[in-house]
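Close look at the chain arrangement
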Amino acid sequence: MRPHNEQSRDRTSKRLSTESNGTSDGGMGSSTPVELTALEESFRRFAIHGDTRATGKDMHGKNWSKLCKDCGVIDGKNITLTDVDIVFSKVKKKSCRTITYDEFKVALGELARKKYKEKSGEDAEAEVFKLIEGKGPSSQELRGLLPLRPSAV
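Remember, predicted model here, so these are calculated numbers, not experimental data.

Taken as a whole, this structure holds zero disulfides when the rule is applied. Looking at the unpaired Cys 71, the closest cysteine sulfur is the one in Cys 68, lying at 7.8 Å. Relative accessible area serves as the criterion here: at 4%, Cys 71 is assigned to the buried category.

Structural data, given as structure tokens:
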């Protein structure tokens, strides 16, 4: 029997590989494999993080913030957690709690222009995309847990 973390990694990769976000020719139900860009792959990894029912097609604000923290988009000077939350609220549809991949790219563009003021819009976006491409959520949430105390007998 495989260790638990390998099983969950297998399930995650299976979910990521079997579903499309509808932007490629090999959409849902198609037998052709769907090629994902490194940025889209990272989006999907963060989108399903912590939610077993998530499909990877849209991302909640909590996971958006986590992506920005884990990938180094938030620097504490030019980009803060507040900036990240404001941009998320700005790009999402009014009645939604999530953003799609296309809205995600728009949001990254806004943060990129703010983070790299000295660069042109496209160069700034490319820099932020490089920070995110190929990355996934870090599992450092366990850091804050207290160790279990032995029960008194």
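For the rest of this paragraph, the subject is the side chain of Lys 115. Mapped onto the secondary structure, Lys 115 falls in helix α5 (residues 101-115). Among the residues examined, Lys 115 registers a relative accessible area of 10% and is labelled buried. Within the structure, Lys 115 has its side chain in polar contact with the backbone oxygen of Val 73 (distance 3.1 Å).

Moving on, we get to the packing of helix α3 (residues 61-70) against helix α4 (residues 81-91). Remark: α3 packs on α4, axes separated minimally by 10 Å, with the N-to-C direction vectors making an angle of 135 degrees. Classified by the angle their axes make, α3 and α4 are oblique. As for the relative orientation of α3 and α4, their crossing is right-handed in sense. Seen from α3, the contacting residues are Gly 61, Trp 64, Ser 65, Cys 68 and Lys 69; seen from α4, they are Leu 81, Val 84, Asp 85, Val 87 and Phe 88. Each residue belonging to the contact of α3 with α4 can be placed in one class, and the counts come to six nonpolar, two polar and two charged.

Time to look at the nonpolar core. Among the nonpolar cores identified, the biggest contains 27 residues, and Met 59, Trp 64, Leu 67, Phe 104, Leu 108, Leu 111 and Ile 132 are the most heavily contacted of them. Of all the secondary-structure elements, those providing two or more residues to this core are α2 (38-48), α3, α4, α5 and α6 (121-132). Per element, the largest residue contribution to this core is six residues, and it comes from α5. Ignoring anything within four residues of it in the chain, the contact list for Leu 108 reads Leu 39, Trp 64, Val 128, Phe 129 and Ile 132.

To continue, consider the pattern of salt bridges. On inspection of all chains with the given rule, the structure shows nine salt bridges. With a shortest N-O distance of 2.9 Å, Asp 70 and Lys 66 are connected by a salt bridge. In this pair, Asp 70 and Lys 66 are both assigned in helix α3, four residues apart and thus about one turn of the helix distant.

For α4, every residue scored as buried is listed here: Asp 83, Val 84, Val 87, Phe 88 and Val 91. Here the buried residues of α4 occupy an arc of 135 degrees about the axis, which is enough to place them on one side. Exposed and facing more than 90 degrees away from the buried side of α4 are Thr 82 and Lys 90. Taken together, the buried residues of α4 touch β1 (58-60), α3, β2 (98-100) and α5.

Criteria and cut-off values
Residues numbered from 1 in each chain as written. Predicted model: local features only at pLDDT ≥ 70, side-chain atom pairs only at ≥ 80, totals over all residues. Heavy atoms only, no water. Disulfide = S-S within 2.5 Å. Buried < 20%, exposed > 50% of the residue type's maximum accessible area, 1.4 Å probe, protein only. Helix = DSSP H or I, 4+ residues; strand = E, 2+ residues; numbered from the N terminus. Polar contact = N/O pair within 3.5 Å; in protein donor to acceptor, adjacent residues only side chain to side chain. Axes fitted to C-alpha atoms, helices over the stretch in contact; angles between N-to-C directions. Parallel < 35°, antiparallel > 145°, perpendicular 65-115°, else oblique. Left-handed = near helix turned anticlockwise from the far one by under 90°. Contact = heavy atoms within 4.5 Å. Nonpolar A, V, L, I, M, F, W, Y, C, P; charged D, E, K, R; others polar. Core = buried A, V, L, I, M, F, W, Y, C linked by side-chain atoms within 4.5 Å. Salt bridge = Lys/Arg side-chain N within 4 Å of Asp/Glu carboxyl O. Arc of directions from axis to C-beta.

Keep in mind these numbers describe shape, not what the thing actually does.
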